[in-house]
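Listed here are the chains, written in short residue letters.
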Amino acid sequence: MKPLEGLVVLEFCQFLAGPSAGLKLADLGARVIKIERPVKGEACRQLSIKDLFVDESSLLFHTINRNKESFAADLKNPDDLILIKKLIAKADIMTHNFRPGVMEKIGLDFSETLSINPKIIYGTITGYGTIGPWAKKPGQDLLLQSLSGLSWLSGRKSQGPIPFGLAVADLMCGNHFVQGILAALLKRAKTGKGVLVEVSLLESVLDVQFEAITSFLNDGGQLPERGDVKGSAHAFLSAPYGIYKTEDGYISLAMGDLLFIGNTLGVALQKYADKQLWFEKRDEIRVLLSEQLSTQKSDYWLSLLQKEGIWSGKVLNYEELDNQSFVNELELKQTVQNSAGKKIITTRSPIQLDGKILTSIKAAPKVGEDNVKIHEQFLNE
């Protein structure tokens, strides 16, 4: 039995942050019902990566909405709204990421929802919180990366700000949302009362940077300064930390004793014996290491480094990763199938409980695919 089995989640969310949280709740056993507008459904169905679609919905949508059900309803239609309120009365959790004010107009804000279901866990995601001049601005991942300072932590110093290669603000916000919902479930178990859970993309993306921001706040306001050689953008770690080109690929070097690493690689670094220089002269040191590492193949260097217990590894692309034996040994992939029989290979939940991997075989639903079943189970009274 999965830990959240028996719990019903109504998901009024779109795009990435909210639905990624719903995915995690579904993986943990909750029954997640997406409330979508009729016909077109959730907006993310048309937001594609590399123009990849499955059954008229984007592969991106399928990636974060597997193992859910779909109930089509028009929230502006009074008859549909009556049905939604009946569902809310029987749900355990309700989530949405509408801009502040939208649910108030519909009559489904937290206070109104409590009058329908006094024990509801009501979760909301915003871009910038619910008060202040930013409250109603669009909360989009790139905008949040740009606003929060995150874009100054990737790439080289001379490149200017670089956005992260994933929707990190959305995905971390989804993780924080799940944490809040699980904590709220515990609070409700103690009090018997509904709980309001609020997170924002801004607060999440700042939390991700707690190390960097804390350094800035306690170091005289010194801005992070990235290195300017290929291989490491990290503004706070000293050499040798970074990625280095070899004769046939790339390897990574993590933290370690610089002089010991230099001796192992045959690079004379004695003039950097003062550990403070490992940070101050990091670009200079990385150039010396790069020149040596480019002379031999990756496996040659890794055999030397790993024999000495030095933290190092080969840099893989997705094709090379997929060919690693641990991918199958750890069952890191799963295949899901939709109602039309189409299959999608995707990742699985990283969580294991009592030695069991959390998997599911259900792909994302079509718009309104579960209306009849949900009517029969919840609304025919």
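Basis of the calculations
- Residues numbered from 1 in each chain as written.
- Predicted model: local features only at pLDDT ≥ 70, side-chain atom pairs only at ≥ 80, totals over all residues.
- Heavy atoms only, no water.
- Helix = DSSP H or I, 4+ residues; strand = E, 2+ residues; numbered from the N terminus.
- Buried < 20%, exposed > 50% of the residue type's maximum accessible area, 1.4 Å probe, protein only.
- Contact = heavy atoms within 4.5 Å.
- Areas by Shrake-Rupley, 256 points an atom, 1.4 Å probe, with all protein chains shown as cover.
- Lys, Arg positive; Asp, Glu negative; His and termini not counted.
- Charge placed at Lys NZ, Arg CZ, Asp CG, Glu CD.
- Phe/Tyr/Trp six-rings, centres within 6.5 Å; stacked < 30°, edge-to-face > 60°.
- Lys NZ or Arg CZ within 6 Å of the ring centre and 35° of its normal.
- Salt bridge = Lys/Arg side-chain N within 4 Å of Asp/Glu carboxyl O.
- Pairing = 2+ DSSP bridges.
- Axes fitted to C-alpha atoms, helices over the stretch in contact; angles between N-to-C directions.

Asks: Can you break down the overall build of the protein chain residue by residue, with the values?
Replies: Looking only at helices and strands, one finds 16 helices and 15 strands in the protein chain. For the protein chain, the spread of C-alpha atoms along the principal axes amounts to about 80 × 50 × 40 Å. Residues counted as buried form 43% of the 381 residues belonging to the protein chain. In the protein chain, the share of contacts with a sequence separation of at least 24, taken over all contacts with a separation of at least 6, comes to 67%. Of the roughly 20,400 Å² of accessible surface on the protein chain, 55% is carried by carbon and sulfur atoms. Computing the positive centroid from 44 side-chain charges and the negative centroid from 45, the protein chain places the two 3 Å apart.

Asks: Give me the side chain of threonine 346: which residues, what numbers.
Replies: Structurally, the position occupied by threonine 346 is in strand β13 (residues 343-347). Not counting residues within four places of it along the chain, the set of residues in contact with threonine 346 comprises Thr63, Arg66, Leu332, Lys333, Gln334 and Val336.

Asks: Lay out the packing of aromatic side chains in plain terms, naming residues and giving numbers.
Replies: Summed over all chains, the structure comprises 3 aromatic pairs. Where phenylalanine 110 meets tyrosine 122, the ring centres are 5.6 Å apart and the plane angle is 55 degrees; that geometry is what we call tilted. Separated by 12 residues along the polypeptide, phenylalanine 110 in helix α5 (residues 110-116) and tyrosine 122 in strand β7 (residues 121-126) bring together distant segments of the chain. Looking at tyrosine 122, the relative accessible area reads 3%, which means it is buried. Looking at lysine 245, its charged tip hangs above the ring of tyrosine 250, at a distance of 5.7 Å from the centre. Above the ring of phenylalanine 279, the side-chain terminus of arginine 282 is found at 4.6 Å from the ring centroid.

Asks: Go over the pattern of salt bridges, please, and point to the residues and values.
Replies: The final tally for this structure, using the stated rule, is 14 salt bridges. Of the charged contacts in the structure, one is a salt bridge between glutamate 36 and arginine 45, with a shortest N-O distance of 2.9 Å. Taken individually, glutamate 36 and arginine 45 each receive the classification buried, so the pair is uniform in this respect. Measuring nitrogen to oxygen at the nearest pair gives 3.8 Å for the salt bridge that ties arginine 286 to aspartate 283. Linking arginine 286 with aspartate 283, this pair stays in helix α12 (residues 282-293), spanning 3 residues, or about one helical turn. Take aspartate 283: its relative accessible area is 22%, and that puts it in the partly exposed class. A single salt-bridge network, built from bridges that share partners, covers Glu11, Lys34, Glu42 and Lys68.

Asks: Before we move on, can you summarise the sheet that holds strand β9 (residues 242-245) with the specific residues and values?
Replies: Spatially, 3 strands are ordered β9-β10-β11 in an open sheet, and the strand pairing comes out antiparallel. Edge positions in the sheet fall to β9 and β11 (312-314), since each has one partner strand and no second. Each neighbouring strand pair of the sheet contributes to a mean axis angle of 25 degrees, computed without reference to strand direction. The pairing of strand β10 (residues 250-253) with β11 spans 3 bridges and is antiparallel. For leucine 253, the partnering residue across the bridge sits in β11 and is serine 312. Contacts between α12 and the sheet are confined to β9 and β10, with β9 contributing the most and set at about 40 degrees to the helix. Here helix α13 (residues 298-307) sits on the sheet and contacts β10 and β11; the angle it forms with β11, its principal contact strand, is near 155 degrees.

Asks: Report on the environment of histidine 62, specifying residues and quantitative values.
Replies: Position of histidine 62 relative to the elements: it lies in helix α2 (residues 59-65). Residue classification places histidine 62 among the buried residues on the basis of a relative accessible area of 5%. Apart from residues lying up to four places away in sequence, histidine 62 is in contact with Val54, Ser57, Ile344, Ala363 and Ala364.

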